[in-house]
Amino acid sequence: METTPPIPCAILVGIQTPEVDDIAHQASLEELGRLVKTLGYKVVGTVSQRREGTGASALLGSGKLAELAALTGGPGVVASMAVAPKSKASRRSENAAENAEPELGASNKPEFVIVDHELSPSQIRNLERATGAEVLDRTGVIVEIFHRHANTREAKLQVEMARLKYVAPRLRESSGGGERRQGPGAGESTLDLDRRKIRDRLAELKDQLEAVQRDSDHRRSARRDQLRVALVGYTNAGKSSLMRALTGSEVLVEDKLFATLDTTIRILQPETRPRVLVSDTVGFIKQLPHDLVASFRSTLTEALEASLLLFVVDASDPTYEAQLEVTRSVLREIGAETVPSRLVLNKMDRVDNVRRAALAEKHPDAVLLSAHRPEDVSALRDIIIAFFEAAMVEDVLVLPYATQGLIGEVYDSVRVLSEEYDEAGRVLKVRGLPGALARLRRSLATP
Ligand SMILES: Nc1nc2c(ncn2[C@@H]2O[C@H](COP(=O)(O)OP(=O)(O)OP(=O)(O)O)[C@@H](O)[C@H]2O)c(=O)[nH]1
Ligand SMILES: [Mg+2]
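So, how was this worked out
- Residues numbered from 1 in each chain as written.
- Chains lettered and ligands numbered in written order.
- Predicted model: local features only at pLDDT ≥ 70, side-chain atom pairs only at ≥ 80, totals over all residues.
- Heavy atoms only, no water.
- UniProt positions renumbered as here; feature names shortened; annotations may be inferred.
- pLDDT = per-residue confidence, 0-100.
- Helix = DSSP H or I, 4+ residues; strand = E, 2+ residues; numbered from the N terminus.
- Contact = heavy atoms within 4.5 Å.
- Salt bridge = Lys/Arg side-chain N within 4 Å of Asp/Glu carboxyl O.
- Buried < 20%, exposed > 50% of the residue type's maximum accessible area, 1.4 Å probe, protein only.

Looking at an unreviewed UniProt entry, one finds the protein named GTPase HflX and attributed to Teichococcus aestuarii. According to its UniProt record, the protein has this under Function (unreviewed entry): "GTPase that associates with the 50S ribosomal subunit and may have a role during protein synthesis or ribosome biogenesis."

Here it is as structure tokens:
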């Protein structure tokens, strides 16, 4: 009987195309390694090759392919008769213990080949034939991580949709696949049947998601016109660490890619009047699969309705500029480029003075800080508050005695500067965002 090893071993494969320099290529493979580790696999080696593109039928040149196959124990050629291994990625990945100690001594023959590019289904098949290992591409790894980390019902539905869309074109005939079924679906091959099931399931998920989203739209509109700031940025940049520091909350912080998948909202501490809501959001990554971008649109909408976006960047990462560009382009894709934003260069405790000066010169408007330094966090809080102060206007509201019920709403959404009583009712001098004031006026008009 086959026993599953405690930690599956994986080998990384990357192609360096002419437009990618050495640093970016190394960083990309390193990031892939961290993604693979997040999946619970152990990286035992890397095979890298310079090529013009990533479109070749088995990705690598024949020499490199043989080299890779020697490591994995495959034939090294794409023999048409060779049988591709049966897909066991999902079963394995469910079982793989995350963060377990590497297994030493045992044969470390990699059972997974993980490619740092998006592959076509036929490239995956060819590589599997040549290597005898199971092949996953970057997209497959990301989809799998999202699948495992999703917590809320909305995130789970969104990720399952993205995953099915990724899996459907990659389905292959399982062994003995030509067999025909009896009963419902008779005449269809297992493959057709699987594809039809996926289509049905996708339709079902879409309905469920719409229902959940109607619900969250409702909750969102209740938060409209509040003072809201959203932390956005590349995965592992330190968004959740800042969220914790700014709001005193216990959101998950981990040295792991995609630790956060759901938007959380907490109140800026110490609390202000009106209070400021801070949202922590899902991180971005290069080559974020398009379906995942689309599926996270609604999770991110929450953040996009913020008045201020803080672009959190890990300034200690040599590729931080590329990471910032990824964040900007995903936000453009979901239509958020018009929201006012501030650049926050985080992890400055890891940056020496020379580099600090260079960063400050290059990004004169950026906030340089460390999420781990309370005085830095407090300065960021002041910046957030100053941003909202500048947007606020003063106004006078008259609450007739019949509408006293609204007083709580007034105190929640604007700052009350003074309060007097006359024959018309309570006269409040207030300061708040124009949107919040307009909403209060509407509520006052329709008691
Ligand atoms: N040295 C240093 N480490 C930091 C700083 N901020 C965050 N980190 C570390 O960076 C890692 C990632 O932090 P998170 O706050 O989880 O990052 P995130 O942006 O929320 O990541 P995702 O949720 O994966 O998108 C953790 O190990 C943090 O302790 C900082 O200012 N300095
Ligand atoms: Mg996080």
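Mean pLDDT for the protein: 84, with 86% of residues reaching 70 or above. The secondary structure element of the protein with the lowest average pLDDT is helix 3 (residues 89-95), at 40, and the one with the highest is strand 10 (residues 367-368), at 98. Counting interchain partners and residues more than four positions distant, the pLDDT-below-50 stretch residues 86-106 has 42 contacts. Contacts for the low-pLDDT stretch residues 174-181, under 50 throughout, to residues beyond four places or in other chains number 16 contacts.

Turning to the pattern of salt bridges, a few remarks are in order. Under the counting rule described, the total for this entry stands at 21 salt bridges. Taking the shortest distance from any N to any O, the salt bridge between Asp314 and Lys347 comes out at 3.4 Å. Separated by 33 residues along the polypeptide, Asp314 in strand 8 (residues 308-314) and Lys347 in the loop between strand 9 (341-346) and helix 12 (353-362) bring together distant segments of the chain. The residues Asp314 and Lys347 share a single accessibility class, namely buried. Between Glu389 and Arg431 there is a salt bridge whose closest N-O contact spans 2.9 Å. Here the residue Glu389 occupies a position in helix 13 (residues 374-391), and Arg431 occupies one in strand 13 (residues 425-432), the gap between them amounting to 42 residues. The structure contains a network of salt bridges with shared partners spanning Glu389, Glu394, Arg415 and Arg431.

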